[in-house]
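The chain contents come next:
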Amino acid sequence: MQKKIIIGTRASILAVAQAELTKKMLLDSCDNLEVEIKKIITSGDKDQRTNWNKDNKSLKDMFVKEIERALLDGDIHLAVHSMKDMPAISPKGLTIGAIPMREDNRDIMITNSGVTLDELPQGSIIGTSSLRRVESIRSLRPDLVIEPIRGNIHTRIEKLKNENFDGIVLAYAGLKRVGLKDLATEIFDFKRIMPAPAQGALCIQCREGDKFTLDLLDKINHKETNLIIGAEREFSKIFGGGCTTPMGCYAVIDGDSIKIHGMYFHGDKIYKDEITGDKNNGKELAVKLAKIIRGQIDG
């Protein structure tokens, strides 16, 4: 008997691409399955003018809340989100059913002239609304002008072409998922610009008691990515992470070990460190790393 699953997603090109990727993974892992994608227009998608960072609005309220309501109401079976947009705790009745293998989590730059960050002329204007990226770029090129920019990937690329920007900084994962990876002028090494915690990872959310959907999602869940994301999000939690927090973190697993790199901007200084230990103790290690960096700031 064929079973139908409805995936809920934001209506942006990237969000739909991520839902399509999830649909393919589900169809590849299960026979006799029908999958439908339902687009949900969120408050954040409707309002492209407000700078939510400035107004201290959470991404959860703007981009996630309405999709979670559709899930709780039973209108959809699962929801696909960017993990870095997700709060530390799911609402009552919902759970994270799967975290598939993560895409490349580095940041990239696109410039109109095709030059790298180091080659941009003094006073060039760079677009980004992430405080982490703002501080990272300032630490590398304090002579550049950084201006806020909003909108989905395609909107930002259009603004780069038609407005007063010389370059924009984006997540490489999103660019790859919408088939635009060749636009990247420069891919930043982790040591130059540390990614946001959980960047490049998908969060697939479902109802707690929905055994059929949970069993389906278990087939596309990636255990090592779960360990990595768990550690990065734990680090983020200690620093009250979000787009308004100038913080970066990334973890890598090598055999039975996990290495976690963390970074936090405070004042005009960058504080960073790393820690290595058993991959099954990632969250504990992340807390320890955060405390080490806190100690650097306070000491």
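For the structure itself, look to the data block above.
For the structure given in this document, a descriptive report is provided here. Please read all numbers here as calculations on a predicted model, not as lab measurements.

How each quantity is defined
- Chains are numbered independently. Their residues run from 1 in the order of the written sequence.
- In keeping with the model being predicted, local features are shown solely for residues with a pLDDT of at least 70 and side-chain atom pairs are shown and tallied solely at 80 or more, while totals for entire chains, interfaces and linings include all residues.
- Side-chain measures here rest on the full set of heavy atoms in the structure, leaving out hydrogens and waters.
- Helix numbers and strand numbers start at the N terminus; a helix is a DSSP run of H or I with at least 4 residues, a strand a run of E with at least 2.
- Taken over C-alpha atoms, the radius of gyration is set against a globule rule of 2.2 Å times the number of residues to the power 0.38.
- Categorising residues by exposure relies on relative accessible area from a 1.4 Å probe, with only protein chains included: less than 20% of the type maximum marks a residue as buried, more than 50% marks it as exposed, and the intermediate range marks it as partly exposed.
- Residues count as neighbours in contact if any of their non-hydrogen atoms are within 4.5 Å of one another.
- Aromatic pairs are defined between Phe, Tyr and Trp rings, using the six-membered ring for Trp, whenever the two ring centres lie within 6.5 Å; interplanar angles under 30 degrees are classed as stacked, those over 60 as edge-to-face, and all others as tilted.
- Two conditions define a charge sitting above a ring: the NZ of Lys or the CZ of Arg must be within 6 Å of the ring centre, and it must be within 35 degrees of the ring normal.
- Salt bridge, as applied in this entry: a Lys or Arg side-chain nitrogen positioned within 4 Å of an Asp or Glu carboxyl oxygen.
- A pair of strands counts as paired when DSSP detects no fewer than two bridges linking them.
- Interaxial angle, 0 to 180 degrees, is taken between N-to-C directions of lines fitted to C-alpha atoms, where a helix line uses only the stretch in contact.

Here we look at the overall build of the protein chain
- A count of helices and strands for the protein chain gives 9 helices and 13 strands.
- Relative to the globule expectation of 19 Å for 299 residues, the C-alpha radius of gyration of the protein chain, 19 Å, shows essentially globular dimensions.
- Here the C-alpha coordinates of the protein chain stretch approximately 65 × 45 × 35 Å along the principal axes.
- Of all 299 residues assigned to the protein chain, the portion counted as buried reaches 51%.
- Residue pairs in contact within the protein chain that sit at least 24 positions apart in sequence constitute 68% of those at least 6 positions apart.

Structural notes on the packing of aromatic side chains
- Under the defined criterion, the tally for this structure stands at 3 aromatic pairs.
- Taking the centre distance of 5.0 Å and the plane angle of 50 degrees together, the rings of Phe-235 and Phe-239 count as tilted.
- A relative accessible area of 5% places Phe-239 in the buried class.
- Centre to centre, the rings of Phe-239 and Tyr-264 are 4.6 Å apart; their planes meet at 20 degrees, and the pair counts as stacked. Note that Phe-239 is positioned in the loop between α8 (223-238) and β11 (247-254) and Tyr-264 in strand β12 (residues 257-266), a separation of 25 residues in sequence.
- For Tyr-264, a relative accessible area of 13% puts it in the buried group.
- Site record: aromatic cluster; members linked through ring pairs are Phe-235, Phe-239 and Tyr-264.
- Directly above the ring of Tyr-172 sits Lys-176, whose terminal nitrogen or CZ lies 5.2 Å from the centroid.
- Above the face of the Tyr-264 ring, Arg-294 is positioned so that its terminal group lies 5.7 Å from the ring centre.

Structural notes on the pattern of salt bridges
- One pass over the structure, following the stated rule, counts 18 salt bridges.
- For Arg-102, the salt bridge identified is with Glu-232, shortest N-O distance 2.7 Å. On the criterion of sequence distance, the pair formed by Arg-102 in the loop between β4 (94-98) and β5 (107-111) and Glu-232 in helix α8 is long-range, its members being 130 residues apart.
- Of the residues examined, Arg-102 reaches a relative accessible area of 17% and is grouped as buried.
- Glu-232 sits in the buried class, given a relative accessible area of 0%.
- Of the charged contacts, one joins Lys-279 and Glu-224 as a salt bridge, the two residues approaching to 3.7 Å between their closest N and O atoms. Pair noted here: Lys-279 is in the loop between β13 (269-278) and α9 (282-298) and Glu-224 is in helix α8, with a separation of 55 residues, a long-range link.

Digging into the sheet that holds β11
- Strand order across the open sheet formed by 3 strands is β11-β12-β13, with antiparallel pairing between neighbours. Whereas interior strands pair on both sides, the edge strands pair on one side only; in this sheet they are β11 and β13. Across the sheet, the mean angle from the axis of one strand to that of its neighbour is 10 degrees, orientation sign disregarded.
- For β12 and β13, the ladder comprises 10 bridges, and the chain directions are antiparallel. Bridged to Ile-260 within β13 is Ile-275.
- Its contacts with the sheet place helix α4 (residues 131-140) against β11 and β12, and it is angled at close to 80 degrees to β12.
- Across the face of the sheet, α8 comes into contact with β11 and β12 while running at roughly 150 degrees to β11.

So, the sheet that holds strand β8 (residues 167-171)
- Across the sheet, 5 strands lie side by side as β7-β6-β8-β5-β9; this open sheet has mixed pairing. Only two strands of the sheet have a single partner each, and these edge strands are β7 (145-147) and β9 (186-187).
- As paired elements, strand β6 (residues 125-127) and β8 share 2 bridges and run parallel to each other. Residue pairing across strands places Gly-127 opposite Ile-168, the latter belonging to β8.
- Packing against the sheet, helix α5 (residues 153-162) makes contact with β5 and β8, and its axis sits at approximately 165 degrees to β8.

Digging into the pairing of β11
- Among the 8 residues in β11, 6 count as buried, and that is most of the element.
- Note: β11 against β12, 8 bridges, orientation antiparallel. Bridge pairing in β12 places Tyr-250 opposite His-261.

Focus on the environment of Thr-111
- Tracing the chain through its elements places Thr-111 in strand β5.
- Look at Thr-111 and you get buried, because its relative accessible area is 7%.

So, the environment of Ile-253
- If you trace the backbone, Ile-253 turns up in strand β11.
- Given the relative accessible area of 17%, Ile-253 is considered buried.
- Put simply, Ile-253 and Lys-279 are 26 residues apart on the chain and 6.8 Å apart in space, counted from C-alpha to C-alpha.
- Excluding residues within four positions of it along the chain, Ile-253 makes contact with Glu-224, Leu-227, Ile-228, Ile-258 and Lys-279.

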